[in-house]
Amino acid sequence: MIRGTTPTHKFNIPFDTSDVAKVKVIYAQDDEILIVKGTDECVLEGNTITVTLSQQETFEFEYGKSLQIQLRILTNSGQSLVSVIETVGVSKCLDNEVME
């Protein structure tokens, strides 16, 4: 991931999102949570959960360090599911300006 971009992350789950009561997409570095995207910030469609980060949000990530991403789901029946942590690298942006 490159700082200052607006990446979209898609998570495929093994059941329809109509069975999802709540969802969180958690972004952390060095095990410190930096961003949590909730249900209202995600698009749930079919068996896919999609979330997009803003430029400002990706500027919160420190380049050169790994970024941890994890999905948490609470189903309508109360089952709690947690994904394996996915790790991606964070690349540098030469400036810290949010372009508008």
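Structure's up top.
Residues numbered from 1 in each chain as written. Predicted model: local features only at pLDDT ≥ 70, side-chain atom pairs only at ≥ 80, totals over all residues. Heavy atoms only, no water.

1. Notes on the nonpolar core
Side chains of a nonpolar character, in soluble globular proteins, are inclined to be buried together.
Then, in step 1: In this structure, Val25, Tyr27, Ile49 and Leu71 are the most contacted members of the largest nonpolar core, which totals 17 residues.
Then, in step 2: Elements with a minimum of two residues in this core: strand S2 (20–29), strand S5 (48–52) and strand S6 (66–75).
Then, in step 3: The residues touching Leu71, leaving out its near neighbours within four places in the chain, are Phe11, Ile13, Val23, Lys24, Val25, Ile49, Leu81, Val82 and Ser83. (Core = buried A, V, L, I, M, F, W, Y, C linked by side-chain atoms within 4.5 Å. Buried < 20%, exposed > 50% of the residue type's maximum accessible area, 1.4 Å probe, protein only. Helix = DSSP H or I, 4+ residues; strand = E, 2+ residues; numbered from the N terminus. Contact = heavy atoms within 4.5 Å.)

2. Details of the packing of aromatic side chains
Then, in step 1: Scanning all chains against the criterion turns up one aromatic pair.
Then, in step 2: Geometrically, the ring pair formed by Tyr27 and Phe61 is tilted, given 6.1 Å between the ring centres and 35° between the ring planes. Taken together, the positions of Tyr27 in strand S2 and Phe61 in the loop between helix H1 (55–58) and S6 put the pair 34 residues apart, joining distant regions of the chain. Phe61 carries the same exposure label as Tyr27, and that label is buried. (Phe/Tyr/Trp six-rings, centres within 6.5 Å; stacked < 30°, edge-to-face > 60°.)

3. Re the environment of Asp95
Then, in step 1: Here Asp95 is to be found in the segment after strand S8 (86–89).
Then, in step 2: We classify Asp95 as partly exposed; its relative accessible area is 37%.
Then, in step 3: Note: C-alpha distance between Asp95 and Leu34 (61 residues apart in sequence) is 20 Å.

4. Describing the sheet that holds strand S4 (residues 42–45)
Then, in step 1: An order of S1-S5-S4 is seen for the three strands of this open sheet, with the pairing classed as antiparallel. Each edge of the open sheet carries a strand with a single partner, namely strand S1 (8–12) and S4. Looking at each pair of strands side by side, their axes are set apart by 20° on average, direction ignored.
Then, in step 2: In terms of strand pairing, S1 meets S5 through five bridges, oriented antiparallel. (Pairing = 2+ DSSP bridges. Axes fitted to C-alpha atoms, helices over the stretch in contact; angles between N-to-C directions.)

5. Overview of the pairing of S2
Then, in step 1: Where burial is concerned, most of S2 is hidden: seven out of the 10 residues are buried.
Then, in step 2: The sheet contact formed by S2 and strand S3 (residues 32–38) spans six bridges and is antiparallel. For Val25, the partnering residue across the bridge sits in S3 and is Lys37.
Then, in step 3: Between S2 and S3, which pair antiparallel and follow one another directly, the connecting turn spans two residues, one of which, Asp30, has a positive phi of 50°.

6. Remarks on the layout of surface pockets
A water-sized probe rolled over the atoms picks out the places where empty space is left.
Then, in step 1: By volume, the largest pocket amounts to about 240 Å³.
Then, in step 2: Lining the largest pocket we find 14 residues, and of these Asn12, Ile13, Leu71, Ile73 and Ser83 sit closest to its centre.
Then, in step 3: Elements that contribute at least two residues to the lining of the largest pocket include exactly S1, S6 and strand S7 (80–82).
Then, in step 4: When grouped by side-chain class, the residues that make up the lining of the largest pocket number 10 nonpolar, two polar and two charged. (1 Å grid on protein atoms, 1.4 Å probe; cavity = no way out; pocket = protein on both sides within 12 Å on 5 of 7 lines; lining within 4 Å. Points joined across faces, edges and corners; volume = space filled by probe spheres on them. Nonpolar A, V, L, I, M, F, W, Y, C, P; charged D, E, K, R; others polar.)

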